[in-house]
Amino acid sequence: MSGHLAARFHDLDTTGGFRLGDARSVDDLRRGLSGAIVGQDEAVDAVVRALMIAGAGLADRRRPIASLLFVGPTGVGKTEMARRIAHLVRGDADNLCRIDMNSLAQEHYAASLSGAPPGYAGSKESFTLFERDKIEGTVSRPGVVLFDEIEKAHPTVLRALLQILDAGTLRIASGTSTIDFRNSIVLLTSNLGTREIHDLRRTRRWAPIGAASRVVDRIRHGRRDETAIAVDAVRDFLDPELFNRFDEIIAFRSIDTGTARRVVDLEVERLTDELATRGVLCTVTDDARTCLATTGFDERYGARHLHRTLRREIHAPIAERLLRRPAGPIPLLITVDVSEDVIVISDTEPSTESGAGDE
C-alpha cells in the first residue's frame, strides 16, 4: 500500500463551520471534553485550540492533524483525555491505535513500529504494532493514535517518532509500504517529573522560614511551577529535535480536594445510570460523596486512587446485593450513606412492600 489517502480531514470544506467526528462546533468539542475530564480546564482549552486550528484548515497539511504531548503526574486524566478525543472523533473511546511504550523498553523493539528490516524474520510481512485503519481514518472521522508513557520506551524507539511528527508518514523498514499519519491526531503522554511535583506539593503543607519559605511562596502563587517541572523533565529526557516537533505540550495539574469531589460525582452518576438500566434506583447522599472524596483522595495517585476507593466502598457491596437478588424483574432501592465516617449501604424492595399493602 502506498499509505497516501485520496482525501483527508485537511480537505474538508471549512466554509460550513467546524466539523470533527461527532462534534459540529468548537463548543460541542469543549463540552464533550470538559464533561469527562474534570479539574483540567486549561488542558481542555489547549486541546480545543489545537483541534480548532486544524478544523479551520490552518494546520500544516504535510504533518499530522495535531501532535500533542500531555505531561503531568499520574492519575490526572492524560490517558482519559486521549480516550475522550477518540470518542468524539471516532465514535468510540477505544477506537484508537494505542501503543503502550512500556512494552518497547529495549532497543530492538523499534522494529515493532517500523517493521523488521530486509533480511530479518518478518520483513516480507511488514509486521507492525500500528493499526492502519485506526491511524489513517476517513475524511469525516480521522485517525487517533496514542503513544502512552513515552518515557518508558528506549531512546531508539522514540527516535522512530521523529519521522511521524515531522513528515506525517512512516515508511516500513522493508520499503514495501508507508503508513500515513497526516490524517491522524497524534497524542503522547508522559509522567516525567511526577516525583518532583509530589515533593513540592508536600512541602506546600509546611510553613518553613527563610529561603525555603520564599520557594514555597513561589509555589503557592500558582500552578506554573508544576507545569515547569513537568515540561523541563520532558525537555531533559527527549532529544531536542523530537521535543521541538510537538504542536503543543499540554500540562495537566495535580488534582485537589475540590476536583476529587467532582470526580466522585461523575463516577457516582455513571454508576447510578448503569444501575437504572437494571431496574435499580441508587441514591448516594451528599455526606457519602464527601466521605468518599475525603478518604479516596491521594495527591500522589490522583483519580485512580479515588476509583479504587469507589470500587471497594460502593461497587463491591452493590454488586454483592445484585448477585444475591432473586431472579426476575424485581425493583430495588439502594441508599448509600455515611455513619461515623463509615459508608453504609441499605436496600429495599418497594414492589414487595406495595404488594403486601394492596392485599
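To start, this report covers the structure provided alongside it. Source: prediction; values computed, not measured.

A closer look at the side chain of lysine 134
Logical step 1: By the secondary structure assignment, lysine 134 is in helix H5 (residues 132-136).
Logical step 2: Apart from the residues within four sequence positions on either side, lysine 134 is in contact with Arg90, Asp94, Asn95, Leu96, Cys97, Gly143 and Val144.

Structural notes on the nonpolar core
Logical step 1: One finds Met81 and Val336 to be the most contacted residues of the largest nonpolar core, which totals 61 residues.
Logical step 2: Looking at this core element by element, the count peaks at eight residues for helix H2 (residues 41-55).
Logical step 3: Setting aside residues no more than four positions away along its own chain, methionine 81 makes contact with Leu33, Ile37, Ala43, Val44, Val47, Phe70 and Phe252.
Logical step 4: Counting 36 residues, the second largest nonpolar core, distinct from the first, contains Ile135, Ala153, Phe181 and Leu188.

With respect to helix H6 (residues 155-167)
Logical step 1: With 13 residues, H6 should reach 18 Å at 1.5 Å per residue; the first-to-last C-alpha distance of 19 Å fits that figure.
Logical step 2: For H6, every residue scored as buried is listed here: Val157, Leu158, Ala160, Leu161, Ile164 and Leu165. Buried residues of H6 fall within an arc of 145° about the axis and therefore sit on the same side.
Logical step 3: Downstream of H6 by a residue or two, glycine 168 has a phi angle that is positive, lying close to 75°.

Some thoughts on the sheet that holds strand S9 (residues 332-339)
Logical step 1: If you walk across this open sheet you meet the three strands as S8-S9-S10, and the pairing is mixed. Here the strands that pair on one side only, and so sit at the sheet edges, are strand S8 (280-284) and strand S10 (342-348). For this sheet, the mean inter-axis angle between neighbouring strands, taken without regard to orientation, is 20°.
Logical step 2: Across seven bridges, S9 lies against S10 in antiparallel orientation. Following the sheet pairing, aspartate 337 is matched in S10 by valine 344.
Logical step 3: In the packing of helix H12 (residues 286-296) onto the sheet, contacts are made with S8, S9 and S10, and the angle to S9 comes to roughly 60°.
Logical step 4: Relative to S10, helix H13 (residues 303-324) is tilted by about 25°, and along the sheet it contacts S8, S9 and S10.

Things to note about the sheet that holds strand S3 (residues 143-148)
Logical step 1: Taken in spatial order, the five strands make up an open sheet running S2-S3-S6-S1-S7, and their pairing is parallel. Each edge of the open sheet is held by one strand with a lone partner, namely strand S2 (97-100) and strand S7 (248-251). Adjacent strand axes in the sheet meet at a mean angle of 20° when their direction is disregarded.
Logical step 2: Across the sheet, helix H3 (residues 78-90) touches strand S1 (66-71), S2, S3 and strand S6 (184-190), and the angle it forms with S3 is around 170°.
Logical step 3: Running over the sheet, H6 touches S1, S3 and S6 and is turned about 140° from S6.

Calculation criteria
- Residues numbered from 1 in each chain as written.
- Predicted model: local features only at pLDDT ≥ 70, side-chain atom pairs only at ≥ 80, totals over all residues.
- Heavy atoms only, no water.
- Helix = DSSP H or I, 4+ residues; strand = E, 2+ residues; numbered from the N terminus.
- Contact = heavy atoms within 4.5 Å.
- Core = buried A, V, L, I, M, F, W, Y, C linked by side-chain atoms within 4.5 Å.
- Buried < 20%, exposed > 50% of the residue type's maximum accessible area, 1.4 Å probe, protein only.
- Expected span 1.5 Å × (residues − 1).
- Arc of directions from axis to C-beta.
- Pairing = 2+ DSSP bridges.
- Axes fitted to C-alpha atoms, helices over the stretch in contact; angles between N-to-C directions.

Geometry only, nothing functional implied.
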